[in-house]
Amino acid sequence: MSKIHKERRIPFVVANWKINKLQSDVMDFLEKVNEKVPGEKVVETGIAAQDLFLADMVRATADSPIHIVAENVHWEDNGAYTGETSPKALKDVGAKYVLIGHFERRKFFNETDSTVNLKVTAALRNGLRPIIDVDEDMSTYAQFMDAQPSVAQVSAALAGVSVDQIRKVTIAYEPTWAIGSGEAASADQAQKAAYLIRQTLAKLYSPVIAEQVRILYGGSVTPNNAREIMSQEDIDGVLVGTAALDPDKFLQLVEIAKDPSVPNFDIDHV
Ligand code: PEP
């Protein structure tokens, strides 16, 4: 699609810590990065962490542009769902975004297209912004070894999401084989997948709306491969697990997102 449109979408760098940090690590990390991230009109930043840290993280980032992201949400606003977290409660503690449909949730917790859709609509209903994970269509990948996002997952996740609501949604293309494997998609593969997702959005909504939705790439992103990936026309940022556990690497990724076209030959020391 077009470069002009890309320039109008604010880049977005999201860390996904999963269950890898303790409370003291969380606060150390935030102290290191809080004052160094640029304003959200330049690059938006988010950190997804375990629910039990979110309220403290919201307080610790009160004067910083970093947004706090939940890793999961239940689809009911309240009720008898022991062990779950309601979208209402996430909103109440100050989370702004929520990851929905991560591959690990599908694999280990039986999340399906239909629960993903329920969670997306629950998040939006409660004023949370969903970051929807879309996996590879593995049958196509196995056959052709080429990127092919699951268009079915995109359509299913967005059932009932209105034109106004879709502007609050971010889609993250995260091929299963790239998550935590050290083997990222090539920039070309990631671009092709993001382009196909944008085309799907154009069909579901309109080409104009499709250009307003941010599409991220996730899967073994590091400061070494991020520049090429983020330079692609349809990629608006990255969702990062392992590398984003390290505050210096997180800051490097944010720096790259500011302007991926600017070469930086001493990237490890930014
Ligand atoms: C993820 O879990 O969303 C992810 C992208 O992890 P990693 O960066 O470690 O591949």
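What counts and how
- Residues numbered from 1 in each chain as written.
- Predicted model: local features only at pLDDT ≥ 70, side-chain atom pairs only at ≥ 80, totals over all residues.
- Heavy atoms only, no water.
- Core = buried A, V, L, I, M, F, W, Y, C linked by side-chain atoms within 4.5 Å.
- Buried < 20%, exposed > 50% of the residue type's maximum accessible area, 1.4 Å probe, protein only.
- Helix = DSSP H or I, 4+ residues; strand = E, 2+ residues; numbered from the N terminus.
- pLDDT = per-residue confidence, 0-100.
- Contact = heavy atoms within 4.5 Å.
- Expected span 1.5 Å × (residues − 1).
- Phe/Tyr/Trp six-rings, centres within 6.5 Å; stacked < 30°, edge-to-face > 60°.
- Lys NZ or Arg CZ within 6 Å of the ring centre and 35° of its normal.
- Pairing = 2+ DSSP bridges.
- Axes fitted to C-alpha atoms, helices over the stretch in contact; angles between N-to-C directions.
- Salt bridge = Lys/Arg side-chain N within 4 Å of Asp/Glu carboxyl O.
- Near = heavy atom within 4 Å.
- Polar contact = N/O pair within 3.5 Å; in protein donor to acceptor, adjacent residues only side chain to side chain.
- Areas by Shrake-Rupley, 256 points an atom, 1.4 Å probe, with all protein chains shown as cover.
- Nonpolar A, V, L, I, M, F, W, Y, C, P; charged D, E, K, R; others polar.

Engineer: Lay out the nonpolar core in plain terms, naming residues and giving numbers.
Structural biologist: Counting residues in hydrophobic clusters, the biggest one holds 69 residues, and the most contacted among them are I47, M57, L158, I166, L201, Y217 and F250. In terms of residue count, the dominant contributor to this core is helix α10 (residues 187–204) (seven residues). Counting ten residues, the second-largest nonpolar core is a separate cluster that includes V69, L99, I131 and A172.

Engineer: Could you give an account of the confidence of the model for the protein chain, with specific residues and numbers?
Structural biologist: Mean pLDDT for the protein chain: 93, with 93% of residues reaching 70 or above. In the predicted structure, residues 264–270 sits below a pLDDT of 50 and forms twelve contacts with residues beyond four places in sequence or in another chain.

Engineer: Would you mind going over helix α6 (residues 113–125) in detail, with residue names and values included?
Structural biologist: Look at α6: 18 Å from first C-alpha to last across 13 residues, which is about the 18 Å you get at 1.5 Å a residue. On its buried face, α6 is in contact with α4 (87–93), β4 (97–100), α5 (103–109), β5 (129–134), α8 (151–157) and α9 (163–166). A positive phi of about 80° marks G127, the residue just after α6.

Engineer: Which residues make up α10, and what values do they have?
Structural biologist: In a regular helix each residue adds 1.5 Å, so 18 residues correspond to 26 Å; α10 covers 26 Å between its end C-alpha atoms and thus fits that length. Residues of α10 that are buried include every one of A187, Q189, A190, Q191, A193, A194, L196, I197, R198, T200, L201 and A202, and no others.

Engineer: Go over the packing of aromatic side chains, please, and point to the residues and values.
Structural biologist: Scanning all chains against the criterion turns up four aromatic pairs. An angle of 75° between the planes, with centres 4.8 Å apart, marks the rings of W17 and F29 as edge-to-face. Placement of W17 in the loop between β1 (12–16) and α2 (23–33) and of F29 in helix α2 is noted, with a sequence separation of twelve residues between them. Comparing W17 with F29, the two get one shared label, buried. Ring centres of Y173 and Y217 lie 6.0 Å apart, and the angle between their planes is 55°; on these two criteria the pair is classed as tilted. Remark: Y217 occurs in strand β7 (residues 214–218) and Y173 occurs in strand β6 (residues 170–173); sequence separation between them is 44 residues. Its relative accessible area of 1% is what places Y173 among the buried residues. Aromatic rings pair up to connect W17, F29 and F250 into one cluster. Taking NZ or CZ as reference, K21 lies 5.2 Å from the ring centre of W17, over its face.

Engineer: Give me the sheet that holds β7: which residues, what numbers.
Structural biologist: Taken together, eight strands build a closed barrel; the order of strands is β1-β2-β3-β4-β5-β6-β7-β8 and the barrel is parallel. Each neighbouring strand pair of the sheet contributes to a mean axis angle of 25°, computed without reference to strand direction. Here five bridges tie β1 to strand β2 (residues 44–49), and the two strands are oriented parallel to one another. Following the sheet pairing, V13 is matched in β2 by T45.

Engineer: Describe the pattern of salt bridges, with residues and values.
Structural biologist: In the structure shown here, the tally under the stated rule is 13 salt bridges. Note that E44 is salt-bridged to R214, the shortest N-O span being 2.8 Å. Taken together, the positions of E44 in strand β2 and R214 in strand β7 put the pair 170 residues apart, joining distant regions of the chain. On the basis of relative accessibility, which here comes to 7%, the residue E44 falls in the buried class. When its relative accessible area of 11% is taken as the criterion, R214 is described as buried.

Engineer: Before we move on, can you summarise the site of the ligand with the specific residues and values?
Structural biologist: Of all residues adjacent to the ligand, which total 15 residues, the nearest are K18, G180, S220, G241 and T242. At 2.4 Å, a side-chain N or O of K18 approaches an oxygen atom of the ligand. In the environment of the ligand, an oxygen atom lies 2.8 Å from a nitrogen or oxygen atom belonging to the backbone of G241. Expressed as a share of its isolated accessible area of 290 Å², the protein-covered part of the ligand is 99%. Considering only residue class, the shell around the ligand consists of four nonpolar, eight polar and three charged.

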